[in-house]
Amino acid sequence: MIGRILAVALLLPAPAPLPDDPFDVLVFSRTAGFRHDSIPAGVQAIRDLGAAGGFTVTATEDPGVFTAAQLDRYEAVVFLSTTGDVLDAGQQTAFEEYIQRGRGYVGVHAAADTEYDWPFYGELVGAYFASHPPVQPAVVRTEDRAHPATAHLPRSWNRTDEWYDYRTNPRDTAHVLSTLDESTYTGGRMGADHPIAWCKTLAGGRSFYTGGGHTPESFADPAFRQHLLGGIRYAAGEAQADCRPETGYTALYDGATTGWSQAGPGSFTNTDATLTSTGGMGLLWYEATQFTHYSLKLDWRMSGDDNSGVFIGFPPSDDPWSAVDNGYEIQIDATDAADRTTGSVYTFRAADQAARDAALNPPGEWNTFELLVEGEHLRVLLNGRTINDFTNSDPARSLAGHIGVQNHGPDDTVSFRNIRIKELSTGC
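Residues numbered from 1 in each chain as written. Predicted model: local features only at pLDDT ≥ 70, side-chain atom pairs only at ≥ 80, totals over all residues. Heavy atoms only, no water.

A. Examining the state of the cysteines more closely. Going through the model one piece at a time under the given rule, you end up with one disulfide. Note that C199 is cross-linked by a disulfide to C243, the S-S spacing being 2.0 Å. Handedness of the C199-C243 disulfide follows from its S-S torsion of about -100 degrees: it is left-handed. With C199 in strand β10 (residues 195–202) and C243 in the loop between α5 (222–235) and β12 (250–253), the pair connects residues that are 44 residues apart, well separated along the chain. The two residues C199 and C243 agree in class, both being buried. (Disulfide = S-S within 2.5 Å. Helix = DSSP H or I, 4+ residues; strand = E, 2+ residues; numbered from the N terminus. Buried < 20%, exposed > 50% of the residue type's maximum accessible area, 1.4 Å probe, protein only.)

Have a look at this one:
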């Protein structure tokens, strides 16, 4: 950020570009109970996504493919509206070991109505099916607008499907991506907190589940296809996301800028609950409260080789240079010196570049920072992985203070979403 303005206006199209490296996906749709007539449409949709997105798709209902040797061919396995007991004990063991080797699982709709007596699978899918009302329209509320499965969605997504209730709420063990608004349809039984899509990590592997996909028409819907594609890319390790459970955070920005103030030149546009930098060099800072012990999370996206950052630990001031001189900046910049690129504490400590590169989504895609401040100790997490560890030893500075996001200059376009904080006890 501070020091130079990059004159690069590289605007990438949405949705975000797909990876160059091919990968392989197995679609498994065996049923031992109810059989959905949407399965052929689902298989074809995933084949179409693979053809357009550079991954191969093998579709089967043969449980004999669940061996170590055969599963090792695939980066992710999709359970497409499977029902009942579909794998024997040996096949279950092979799949558990596959997940433990860091591979991925995608569950679609009735995947939650599968293998009720297999505890590992119950943990992997996140929650088991309980009941459903008739197919009808409903409003899906998007909670996570950074995950590749939901970043493209509006905050309120109107669609028609068969809406599952689940035996348990997965929020304590999974990261909820979207919920159902039960006031918009009839027959929901989970109440005000009704998750319908989520992701998680388990035993070294990745899991994504969506409750959509009952109807054949779902798989012709471009928004649902992109939702499914994002889940597959995450499960296959081709897109990064923070899928740790998240509770107890308070929104500082989720569309409303109450409590925020612009310091210095330039500003941020505020559209679709998204702040986008314009002009600069300035700082949008949260003046309502100072923070001492906290976890700050926020989602961000660069358009290209852009420059921005998150400032912490500075005193109140309408001069953005006060934050530079008194606080610390966690950098967002695709290319610069090691102590001035994404994840660095600007000019003070470079990120662990190997860890950072493994966790980082490229320009055009969303990323999530967590800045974990415990006294004068800071850990920076990118998409759920620690990439920097810094302790302030300068008595003239502190990690405690205000927080803000930078608008660096006219050639730098960086967007922010869902800035939230959880204050921690001093004993943490």
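Picking up where we left off.
B. Examining the packing of helix α1 (residues 39–53) against α5 more closely. Remark: α1 packs on α5, axes separated minimally by 11 Å, with the N-to-C direction vectors making an angle of 70 degrees. The pairing of α1 with α5 is recorded here as roughly perpendicular in orientation. Here α1 runs over α5; the crossing is right-handed. Across the interface between the two elements, A45, I46, D48 and L49 from α1 touch R225, L228, L229 and I232 from α5. Its residues assigned to classes, the contact of α1 with α5 shows six nonpolar, no polar and two charged. (Axes fitted to C-alpha atoms, helices over the stretch in contact; angles between N-to-C directions. Parallel < 35°, antiparallel > 145°, perpendicular 65-115°, else oblique. Left-handed = near helix turned anticlockwise from the far one by under 90°. Contact = heavy atoms within 4.5 Å. Nonpolar A, V, L, I, M, F, W, Y, C, P; charged D, E, K, R; others polar.)

C. How the structure looks around the pattern of salt bridges. On inspection of all chains with the given rule, the structure shows 21 salt bridges. Of the charged contacts in the structure, one is a salt bridge between R141 and D181, with a shortest N-O distance of 2.6 Å. Here R141 is found in strand β6 (residues 136–142), whereas its partner D181 is found in strand β9 (residues 175–181), with 40 residues between them in sequence. Taking relative accessible area as the criterion, R141 reaches 33% and is therefore assigned partly exposed. (Salt bridge = Lys/Arg side-chain N within 4 Å of Asp/Glu carboxyl O.)

D. Representation of helix α3 (residues 89–100) within the structure. Over its 12 residues, α3 extends 17 Å from the first C-alpha to the last, a length consistent with the 16 Å expected when each residue adds 1.5 Å. For α3, the full list of buried residues reads Q91, Q92, A94, F95, Y98 and I99. On an axial view of α3, the arc spanned by its buried residues comes to 160 degrees, and they lie on one face. Its side-chain oxygen placed 3.1 Å from the backbone nitrogen of G90, D88 serves as the N-cap of α3. One or two steps after α3, the chain reaches G102, where phi turns positive at roughly 95 degrees. (Expected span 1.5 Å × (residues − 1). Arc of directions from axis to C-beta. Polar contact = N/O pair within 3.5 Å; in protein donor to acceptor, adjacent residues only side chain to side chain.)

E. Structural view of the sheet that holds strand β13 (residues 260–263). Strand order across the open sheet formed by five strands is β13-β16-β23-β18-β19, with antiparallel pairing between neighbours. The open sheet has two edge strands, β13 and β19 (328–333), and neither has a second partner. Taking each pair of neighbouring strands and ignoring which way they run, the sheet shows an average axis angle of 20 degrees. (Pairing = 2+ DSSP bridges.)

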